[in-house]
Amino acid sequence: MNFTIYLLISQSQRKAKLKSIIIIFGPTASGKSSFAQKMPGIHINADSMQIYQDLKILSARDDILLSGAVNATQHASVAWWYKEACKLVENAANTPIFVGGTGLYVQALQNGLATIPKIPQAIIAEVDKLCQQPNFYNIALQIDPASKTLKANDIKRLRRAVEVKLFTNKSI
């Protein structure tokens, strides 16, 4: 076995008598799914590739909830996944067991997501133009120095960081 198992029970969960969850996290083909299937509970996908029904060739497809949930032509963000996962946890009669390898999904389960207001179209259009610049990474760093943790070729996250900074004056 080459994966990590977390039992997540926060102090607030104990006080509110909320459900605990189990997270089985690790790299592709490490045996997570086989291990999870032996455990009683409600099994929920935590792999960003497995949520797409059309991308079976890119990732092993497990027969668990939220696996193959959206078409590859649709956009499914971590916010979408987190909302759907929370619904499943709320309605689960048994212990929710999350299985996957997407760190951002696990991080969302552990810490929740930041609340970011809808970005106005004018800012989105402005950032569209900035993204076309060959030195977009440097521009992003000037606007939001905190985005130095992102890679220069991670345009999607850099773009989001710039949009949020321009609209809220806060880094994400």
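None of these values were measured; they are calculated from a predicted model.

1. Thoughts on the environment of Met 39
Topologically, Met 39 is positioned in the loop between α2 (32-37) and β3 (42-45). Exposure remark for Met 39: the relative accessible area of 21% places this residue in the partly exposed category. On a C-alpha basis, the gap between Met 39 and Ile 97 in space is 8.4 Å, while along the polypeptide they are 58 residues apart. When neighbours within four sequence positions are excluded, Met 39 is seen to be in contact with Ile 22, Ile 24 and Ile 97.

2. Some details on the packing of aromatic side chains
Each aromatic ring pair is specified by the distance between its two centres and by the angle formed by the two planes. Enumeration over the complete set of coordinates arrives at two aromatic pairs. Plain terms: the ring middles of Trp 81 and Tyr 105 are 4.2 Å apart, the flat faces sit at 10° to each other, and that makes the pair stacked. Remark: Tyr 105 occurs in helix α4 (residues 103-111) and Trp 81 occurs in helix α3 (residues 78-91); sequence separation between them is 24 residues. In this structure, Trp 81 and Tyr 105 share a single accessibility class: buried. Connected via pairs of aromatic rings, a cluster forms that spans Trp 81, Phe 98 and Tyr 105.

3. Some remarks on unusual backbone geometry
Phi at Leu 66 is positive, roughly 70°, even though this residue is not glycine. Classification of Leu 66 by relative accessible area gives buried; the value is 11%. Located in the positive-phi region is Asn 169, a residue other than glycine, with phi close to 65°. Relative to the assigned elements, Asn 169 resides in the segment after α7 (155-168).

4. Overview of the layout of surface pockets
Space inside the largest pocket adds up to approximately 1300 Å³. What lines the largest pocket is a set of 31 residues, among which Val 78, Leu 104, Arg 157, Arg 160 and Ile 172 lie closest to the centre. Looking at the lining of the largest pocket, the elements that each hand over two or more residues are α3, α4 and α7. A total of six residues in the lining of the largest pocket trace back to one element, the largest contributor, which is α7. For the lining of the largest pocket, the class distribution of residues is 15 nonpolar, nine polar and seven charged.

5. Remarks on the environment of Gly 68
Its location among the elements puts Gly 68 in the loop between β3 and α3. A C-alpha to C-alpha distance of 9.2 Å links Gly 68 and Asn 45, two positions 23 residues apart in sequence.

Definitions and cut-offs
Here the residue numbers are simple positions, counted from 1 along each chain's written sequence. pLDDT decides what is reported in this predicted model: residues at 70 or higher carry local features, side-chain atom pairs at 80 or more are listed and counted, and totals for whole chains, interfaces and linings draw on all residues regardless. Heavy atoms throughout the structure, all of them, feed into the side-chain values; hydrogens and water do not. Starting at the N terminus, helices and strands are each numbered in turn, a helix being any DSSP run of H or I of at least four residues and a strand any DSSP run of E of at least two. A 1.4 Å probe rolled over the protein chains alone gives each residue an accessible area, and that area as a share of the maximum for its type sets the label: buried under 20%, exposed over 50%, partly exposed in between. Should any heavy atoms of two residues lie within 4.5 Å, those residues are considered in contact. Aromatic pairing here means that ring centres of Phe, Tyr or Trp (its six-membered ring) are within 6.5 Å. Orientation follows from the plane angle: under 30 degrees is stacked, over 60 is edge-to-face, and everything else is tilted. Cavity and pocket criteria rest on a 1 Å grid covering protein atoms alone: a 1.4 Å probe that fits but cannot get out defines a cavity, protein on both sides within 12 Å along at least 5 of 7 lines defines an open pocket, and an atom within 4 Å of a point defines a lining residue. Grid points are joined across faces, edges and corners, and a volume is the space filled by probe spheres set on the points. The residue classification treats Ala, Val, Leu, Ile, Met, Phe, Trp, Tyr, Cys and Pro as nonpolar and Asp, Glu, Lys and Arg as charged. All others, Gly included, are polar.

What is shown is where atoms sit, not what they do.
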